[in-house]
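# Topology and contacts: notes
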Amino acid sequence: MVNITTKLVKKLQSAKFLLVLDRFYKATMLKISTKVIEVQNFLEIERQNNKSIGFVPTMGALHKGHLSLIRRSRSENDCTIASVFVNPTQFNDPSDFDKYPRTIQKDTEMLREAGCSILFLPSESEIYPDSALKSINFSPGPIAEVLEGAHRPGHFAGVAAVVKRLLDIVQPHRAYFGLKDYQQFLVIKKLQQFYQIPTQIIGCETLREQDGLAMSSRNSLLSALDRPKAVFLHQMLQKAFNQIMGGNIDFQSIINSILLDFEENGNFKLDYFDICSANSLQKVVNPEKEDLIICVAAFLGKVRLIDNLIIKR
Ligand code: PAF
């Protein structure tokens, strides 16, 4: 009898068994809803039980970068909710919206496996029951006028409106955003300050593939031939990074030499390669003291990729 009990306890404690148990537990946990009211009812129960709520808004086509946001949220909150909504109003090019990857079944399984508590999967009419909700009375100012803002007119107005709407619905304690979209992160922080939204906005480091390419939903659109070429963006960011860290503060000469590298490479249609102040995204005033951001956006074939590296002073 003692022997059987010891064996059972050992089995229960074995890592493999615990893993199976953990998977089973997570698999039974994910609630999926397409309705605002339903999500709000789930969350109300969590709030009544004094549970903290972490929110990861996404446009789906999830990858390990998104999962790292879910992990971070799970480590800091009792309940994690993710949304998957491909927001039409932030696409300045309708064909970009049409071809944006949609992999909802795989996304659902990934979220279930990652231990997410709630998946909010709204339709467009659920997010925008009134078309007045598609725009808000908020202007992020100069941070939204450069880089992505200059190349994608209306993009940040669309992002701000949908994030405001999602935060109003979910009312999380914390919301998590990837720093690959650094400018978006600054705009959302401004939005939170402007409306005094009681949610902590948290930026999470960019995850990279083994060759250095920043993880992005758009990477899945790259052809097999283009995929290995994409790492060039990271290599150029790294080149600028190394030069600055080596003491070069002649940013224009760094940019010029990298523009030549892009020309020689010939695979990309470059939107911008720039070195800016990380706080204001404007021209650097104090190159040796300010935090900096080196950022790039370029088309490889028909796929537009962005990436950045931050230099903390
Ligand atoms: O970064 C994204 O995926 C989107 O811009 C966001 C924040 C979910 C808003 O649609």
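First, a word on what this report is: a plain description of the structure on this page. (Residues numbered from 1 in each chain as written. Predicted model: local features only at pLDDT ≥ 70, side-chain atom pairs only at ≥ 80, totals over all residues. Heavy atoms only, no water.)

Near the ligand, the surroundings consist of P57, T58, M59, Q90, V162, F177 and Q184. The contact in question runs from an oxygen atom of the ligand to an N or O atom on the side chain of Q90, over 2.7 Å. One nitrogen or oxygen atom from the side chain of Q184 is found 2.7 Å from an oxygen atom belonging to the ligand. Within the complex, 90% of the 290 Å² of free accessible area of the ligand lies under protein. (Near = heavy atom within 4 Å. Polar contact = N/O pair within 3.5 Å; in protein donor to acceptor, adjacent residues only side chain to side chain. Areas by Shrake-Rupley, 256 points an atom, 1.4 Å probe, with all protein chains shown as cover.)

Moving on, we get to helix α11 (residues 232-245). Structural remark: α-helix, 3.6 residues per turn; residues separated by three or four positions point the same way. Under the 1.5 Å per step criterion, the end-to-end length of α11 is 20 Å for 14 residues, consistent within 8% with the ideal 20 Å. Looking only at α11, the buried set comprises F232, L233, H234, M236, L237, A240 and I244. The inward-facing, buried residues of α11 contact α12 (251-265), β7 (268-277), β8 (292-300) and β9 (303-311). (Helix = DSSP H or I, 4+ residues; strand = E, 2+ residues; numbered from the N terminus. Expected span 1.5 Å × (residues − 1). Buried < 20%, exposed > 50% of the residue type's maximum accessible area, 1.4 Å probe, protein only. Contact = heavy atoms within 4.5 Å.)

Picture the strands of a sheet paired through backbone hydrogen bonds; they go either parallel or antiparallel. The strand order across the open sheet built from three strands is β7-β8-β9, with neighbouring strands paired in antiparallel fashion. Looking along the sheet, the strands with just one partner apiece sit at the ends: β7 and β9. Taken pair by pair, the neighbouring strands of this sheet meet at an average axis angle of 10°, ignoring direction. Here β7 runs beside β8; their pairing, made up of nine bridges, is antiparallel. (Pairing = 2+ DSSP bridges. Axes fitted to C-alpha atoms, helices over the stretch in contact; angles between N-to-C directions.)

So, on to the pattern of salt bridges. Summed over all chains, the structure comprises 18 salt bridges. Linking D96 and R152 is a salt bridge whose minimum nitrogen-to-oxygen distance equals 3.8 Å. Here D96 is found in helix α5 (residues 94-99), whereas its partner R152 is found in the loop between α8 (147-151) and α9 (155-170), with 56 residues between them in sequence. For the pair D96 and R152, a shared accessibility class is recorded, and that class is buried. (Salt bridge = Lys/Arg side-chain N within 4 Å of Asp/Glu carboxyl O.)

With that settled, the discussion passes to the environment of A132. Structurally, A132 can be placed in the loop between α7 (124-127) and α8. With relative accessibility at 53%, the residue A132 sits in the exposed group. Between the alpha carbons of A132 and F251 there is a distance of 43 Å; along the sequence they are 119 residues apart.

Moving on to the sheet that holds strand β3 (residues 79-84). Taken together, the six strands give an open sheet; going across it, the order is β1-β4-β3-β2-β5-β6, and neighbouring strands pair in parallel fashion. A strand with exactly one partner marks an edge of an open sheet, and here the two such strands are β1 (31-33) and β6 (200-204). Put simply, the sheet's adjacent strands are angled 25° from each other on average, direction ignored. Strands in contact with helix α6 (residues 104-114) are β1, β3 and β4 (118-120); relative to β3, the strand with the most contacts, it is inclined by about 170°.

One finds L43, I81, F120, I127 and V163 to be the most contacted residues of the largest nonpolar core, which totals 44 residues. When neighbours within four sequence positions are excluded, V163 is seen to be in contact with F177, I188 and L191. (Core = buried A, V, L, I, M, F, W, Y, C linked by side-chain atoms within 4.5 Å.)

On to the packing of helix α4 (residues 64-76) against α6. As a packed pair, α4 and α6 sit with axes 10 Å apart at the nearest point and diverge in direction by 30°. Pair α4 / α6 crosses with right-handed handedness. Of the residues in α6, those touching α4 at L67, I70 and R74 are M110, L111 and A114. (Left-handed = near helix turned anticlockwise from the far one by under 90°.)

With that out of the way, let us pick up α12. Look at α12: 21 Å from first C-alpha to last across 15 residues, which is about the 21 Å you get at 1.5 Å a residue. Among the residues making up α12, those that are buried are F251, I254, I255, I258, D261 and F262. Angularly, the buried residues of α12 cover 115° about the axis, an arc narrow enough to put them on a single face. Seen from the open side of α12, the exposed residues pointing more than 90 degrees away from its buried face are L260, E263 and E264. (Arc of directions from axis to C-beta.)

Per the counting criterion, the structure on display carries ten aromatic pairs. Aromatic side chains F91 and F97 sit 5.4 Å apart centroid to centroid with 65° between the ring planes, which places their arrangement in the edge-to-face category. For F91, a relative accessible area of 9% gives the class buried. For the pair F194 and Y195, a centre-to-centre distance of 4.8 Å together with 85° between the ring planes defines the contact as edge-to-face. For Y195, a relative accessible area of 28% corresponds to the partly exposed category. The ring centre of F42 lies 5.4 Å from the NZ or CZ of K31, which sits over that ring. The cationic tip of R102 hangs over the ring face of F97; the distance from NZ or CZ to the ring centre is 4.7 Å. (Phe/Tyr/Trp six-rings, centres within 6.5 Å; stacked < 30°, edge-to-face > 60°. Lys NZ or Arg CZ within 6 Å of the ring centre and 35° of its normal.)

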